[in-house]
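# Structural description and commentary
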Amino acid sequence: MEESTTIWIEKYRPRTLSDMVGQKDIVSRLQSYLQTKTLPHLLFTGSAGIGKTTAAVALAREFYGDTWQMNFRELNASDERGIDVVRNQIKQFARTTALGGASFKILFLDEADALTPDAQAALRRTMENYAQNCRFILSCNYSSKIIDPIQSRCAIYRFRPLDPEAIAEEIRRIASAEKISVSPDAIDAMVYIAQGDMRKAINALQGAALLSDDISGEMVYAITSNARPDEIAALIDVVLAGDFERAEGVLHELLTGRGIAPNELLTQCYRALVAAPIDRLLKVELISHLGEADFRLSEGATSDIQMEALLARCVLSARMHGALPPGG
Amino acid sequence: MDWTERYRPLHLSDIVGNGAAIRQIADWAREWTKGSRPLILYGKPGTGKTSAAHALARDMQWETIELNASDQRTKSAIERVAGNSSTTASLSGAQRKLIIIDEADNLHGTSDRGGAKAIGDLIRGSFHPIILIANDLFAIPKELKKRCEPVQFKALPARSIVPRLRHICRSEARDCNEEALLAIAESASGDMRAAVNMLYAAAIGSPSLDTRGIATSKKDGRATIFDLVAHLFRARSDEELLRLSYEVADTPDTIIQWVGENTRYILSPTDRNDAYRSISRADEFIGYTFRRQYYTLWRYATALMLIGTARASQGSKLAGRIAPPGRWKVMAGMRRQKAIRTAVLNKFSRRLRMPQQTLRDDFLTPIALMIDACAPSFAREFDLDADELNFFLHDRERSVRITRDSAAVPDLPDTQKSPPSPPEQETISRKKTADSQSTLFDGF
């Protein structure tokens, strides 16, 4: 029973840089810092779940060995984003000497783009003044929200969304460690759901593993409340064909029959539409309708009504576009 | 030690580029006496401002005291650190101290309360040379700025960065390929520190360095937004466009400005209209996103502006430079105007003991008329600088001339100490400036 209470994204977080899947270029450059025992300030940018925190922690572990927890501090800037966190907590950590014979400490500042510009301004000289004693690793989603003077002080590493092979590799590794079998279509499903975000994939795997030791694609879609890509494609097809009645049927099956949340459905339709090989003018119109429905839902409108209205609007657009009579 | 610190220039003569600025600083230091105006070194990051200040101190054998934004800069904190040392000569005798106030454009509102004023007092009473450092000259409180001498540091051209990088490579015994150094120098866009950091990141752990090693350590600049805009005009798949948009460091509210600006290359009115229809729809979603803090909506904005514009631009060619949003320039100007207006209203409402609202509604026009009639005495009386005077006169040349003249003659024998003067006393200067009267009512 102990097992089921462990969150797999923590249990299987890579401990060393060489365990990381994906981000090969970045990993090899970080490893060279280990060899030379030197480190500049670093700025990691990129979306969620692609290894920024993992890389920082693994780097610190390997850098310091046993004393890593004494010389490494992790702060989340979105919890405390004002100037005082820089002037107090950060400076405090940065100015005290490293332990265990290390020549400097590492401060990892997660979500640094949440720091106010004032706090960032205070940070920049701290980084320089205590550089002997402390190196900074900043992570953020959007590097444009980090002020130029800080970017200028860091080596910048741009993490990319993980590619399907990297996600599949990690899923297989965890599955074999947990002694569960995963079908190829289940792996496809997790890759589809993850969209480059490893955490989403691993969460889907752990969720599905609660249902069975033998995981199928169907189970992955069910546990994550996602429709299968082919179901979404079918929905879009009937809409493009201008058939409101059938589109409504498919919609109800997905929403009530399968229990898929309306905003999840919108997300999936959005993804499918962007990639759909249809005329761009129509595509733009349909995406605009989707966004409108998403907005109204977020404002608290009733999902059944809004989703049906969305279908009606999309069907009309498709008919106008395909020169089908609007009323036929 | 990382290389930006190890290779920080020690002497003024080691600093790369900005020759005129360096000479100005050296001259200032040589001729410094009590009462000399402090310097403001301003310019983009990594152009050598802080290095220059410290190198100067070393060259002159001055001690340094540094105050930066990571210290609290309230009035009392500044007085504690610098106040003492600025008015008392140091124990060793004639020894001077250079007081360096870094990030002077970042006196933080509440935590640094009174900071700007304290620095102002410090400047006035100082027995020691003072240097202020800032990225943005305009963000420095006016009261400080006008007591200082600005020194601009310009972005460094790639050709001046390369030799420095080569020197570092030699000192570190790394092989370096010229092409790689040039690639670094160029992507640093004028920022020496970024260039050295990139070199360090690329060179660490490998004895030689080539262009490949540099790819991952490029400065995260705006370069990719140009790629994105360029792709709008090529036949690309929509997925590719959106993928690019995620790689760009900018958020959709910035991207839309670039996309909008560059619709100028779409020549057909129908196509342009189509493009703007999807851009304006995208803009609605950006508005929703911020109003509701519901960031999911961003994706619709991105998809609409990119796919819509890409479709509309297929018949057109990107026939020129990809331009940054023109609105940015205008907005910077507007912010400036607003700051000037606030400063003016502040001054007059304090002096005339009148609420700003009343001043603005009922008195601005008569005051403008009076100022126009005898600008020099008003400029002196209210301590107006050229920008503030121009707010009333709408004649930049004349404003500059008047403030310059009044600065040259600091105290006229019989300046009236009482509130605004009757026009008669200024007949002479009035005649001098009569040529620019036509602008009197502009803007009111």
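Residues numbered from 1 in each chain as written. Chains lettered and ligands numbered in written order. Predicted model: local features only at pLDDT ≥ 70, side-chain atom pairs only at ≥ 80, totals over all residues. Heavy atoms only, no water.

Time to look at the overall build of chain B. Counting its regular elements, chain B contains 21 helices and seven strands. For chain B, the residues scored as buried account for 51% of the 444 residues in total. Contacts in chain B between residues at least 24 apart in sequence constitute 75% of all its contacts with a sequence separation of at least 6. When the accessible surface of chain B is totalled, it reaches about 21500 Å², and 52% of it is carbon and sulfur. (Helix = DSSP H or I, 4+ residues; strand = E, 2+ residues; numbered from the N terminus. Buried < 20%, exposed > 50% of the residue type's maximum accessible area, 1.4 Å probe, protein only. Contact = heavy atoms within 4.5 Å. Areas by Shrake-Rupley, 256 points an atom, 1.4 Å probe, with all protein chains shown as cover.)

A few words on the overall build of chain A. When helices and strands are counted, chain A shows 16 helices and seven strands. Every one of the 328 residues in chain A was classed for burial, and the buried ones make up 55%. Across chain A, the fraction of contacts at a sequence separation of at least 24, relative to all contacts at a separation of at least 6, is 74%. With the model as given, the accessible surface of chain A reaches about 13700 Å², and the carbon-plus-sulfur share is 52%.

All names here are of chain B. Here chain B shows a mean pLDDT of 78. Residues at 70 or above account for 78%. Across chain B, the secondary-structure element scoring lowest on mean pLDDT is helix α21 (residues 427-432), at 42, and the one scoring highest is helix α15 (residues 298-312), at 94. Of the regions scoring below 50 in pLDDT, residues 215-223 engages in 27 contacts with residues more than four places distant in sequence or in other chains. Note on residues 411-444: pLDDT under 50 across the span, and 43 contacts to partners over four residues away in sequence or across chains. Scoring the predicted complex yields pTM 0.67 and, for the interface, ipTM 0.77. (pLDDT = per-residue confidence, 0-100.)

Moving on: helix α14 (residues 262-275) of chain A. Here α14 of chain A spans 20 Å end to end across 14 residues, near enough to the 20 Å set by a 1.5 Å rise per residue. All buried positions along α14 of chain A are accounted for by L265, L266, Q268, C269, Y270, L273 and V274 of chain A. (Expected span 1.5 Å × (residues − 1).)

For the rest of this paragraph, the subject is the interface of chain A and chain B. Facing the 56 residues of chain A at the interface are 69 residues of chain B. Carbon and sulfur atoms supply 50% of the area that chain A and chain B bury against each other, a total of about 5400 Å² over both sides. Considering only the side of chain A, the residues that lose the most area to chain B are R87, R125 and R280 of chain A, jointly responsible for 14% of the buried surface there. Our enumeration of links across chain A and chain B arrives at seven salt bridges. Linking chain A to chain B there are 17 residue pairs in polar contact (both at pLDDT 80 or more). Of all the secondary-structure elements, those providing two or more residues to the side of chain A that touches chain B are α2 (24-36), α5 (83-95), α6 (117-129), α7 (148-153), β5 (155-158), α14 and α15 (280-298) of chain A. (Buried area = accessible area lost by both parts, 1.4 Å probe. Salt bridge = Lys/Arg side-chain N within 4 Å of Asp/Glu carboxyl O. Polar contact = N/O pair within 3.5 Å; in protein donor to acceptor, adjacent residues only side chain to side chain.)

Under the criterion given, the structure shown has 32 salt bridges over all chains. Linking E231 of chain A and R228 of chain A is a salt bridge whose minimum nitrogen-to-oxygen distance equals 3.5 Å. Residue R228 of chain A is classed as partly exposed on the basis of its relative accessible area of 23%. In this structure, R281 of chain B and E284 of chain B form a salt bridge, with 3.2 Å as the shortest nitrogen-oxygen distance. Of the two residues, R281 of chain B and E284 of chain B both sit in helix α14 (residues 269-292), three residues apart, roughly one turn of that helix. Owing to a relative accessible area of 37%, E284 of chain B belongs among the partly exposed residues under this scheme. Through salt bridges with shared partners, a single ionic network connects E128 and R153 of chain A together with E5, R8 and R193 of chain B.

Attention now moves to the sheet that holds strand β3 (residues 105-110) of chain A. All names here are of chain A. Taking strand neighbours across the sheet as the criterion, the five strands line up as β2-β3-β4-β1-β5 in an open arrangement whose pairing is parallel. Of all the strands in the sheet, the pair left with one neighbour each is β2 (72-76) and β5. Neighbour to neighbour, the strand axes of the sheet diverge by 15° on average, direction disregarded. Sheet topology places β3 next to strand β4 (residues 134-140); five bridges connect them, and they run parallel. The partner of L109 across the bridge, within β4, is L138. Contacting β1 (42-45) and β5, α2 runs over the sheet at an angle of about 145° to β5. Along the sheet face, α5 touches β2, β3 and β4 and points at about 160° away from the line of β3. (Pairing = 2+ DSSP bridges. Axes fitted to C-alpha atoms, helices over the stretch in contact; angles between N-to-C directions.)

A few words on α15 of chain B. Look at α15 of chain B: 21 Å from first C-alpha to last across 15 residues, which is about the 21 Å you get at 1.5 Å a residue. α15 of chain B sits mainly inside the fold: 14 of its 15 residues count as buried.

Let us now look at empty space enclosed by the protein. This model, assessed by the stated rule, comprises four cavities of 30 Å³ or more. Estimated volume of the largest cavity: approximately 390 Å³. Along the walls of the largest cavity sit 28 residues, with G46, G48, S51, M192 and R193 of chain B positioned nearest its centre. Those elements that provide at least two residues to the lining of the largest cavity are α6 and α7 of chain A together with α1 (3-6), α3 (49-60) and α9 (192-203) of chain B. Quantified by volume, the second largest cavity comes out at close to 180 Å³. For the lining of the second largest cavity, the elements supplying multiple residues, two or more each, are α12 (229-240), α14, α15 and α16 (303-321) of chain A. (1 Å grid on protein atoms, 1.4 Å probe; cavity = no way out; pocket = protein on both sides within 12 Å on 5 of 7 lines; lining within 4 Å. Points joined across faces, edges and corners; volume = space filled by probe spheres on them.)

All names here are of chain A. In this structure, K37 is a non-glycine residue whose phi angle is positive, near 55°. By the element assignment, K37 lies in the loop between α2 and β1. What makes K37 partly exposed here is its relative accessible area of 44%. The phi torsion at K179 lies on the positive side, around 55°, for a residue other than glycine. Mapping K179 onto the fold places it in the loop between α8 (164-177) and β6 (181-182). Judged by its relative accessible area of 70%, K179 falls in the exposed class.

On to the environment of M198 of chain A, then. Residue and element names in this part refer to chain A. Counting through the fold element by element, M198 comes out in helix α10 (residues 198-211). Between the alpha carbons of M198 and L162 there is a distance of 7.3 Å; along the sequence they are 36 residues apart. Setting aside chain neighbours within four positions, we find M198 in contact with V21, G49, L162, A166, I167 and E170.

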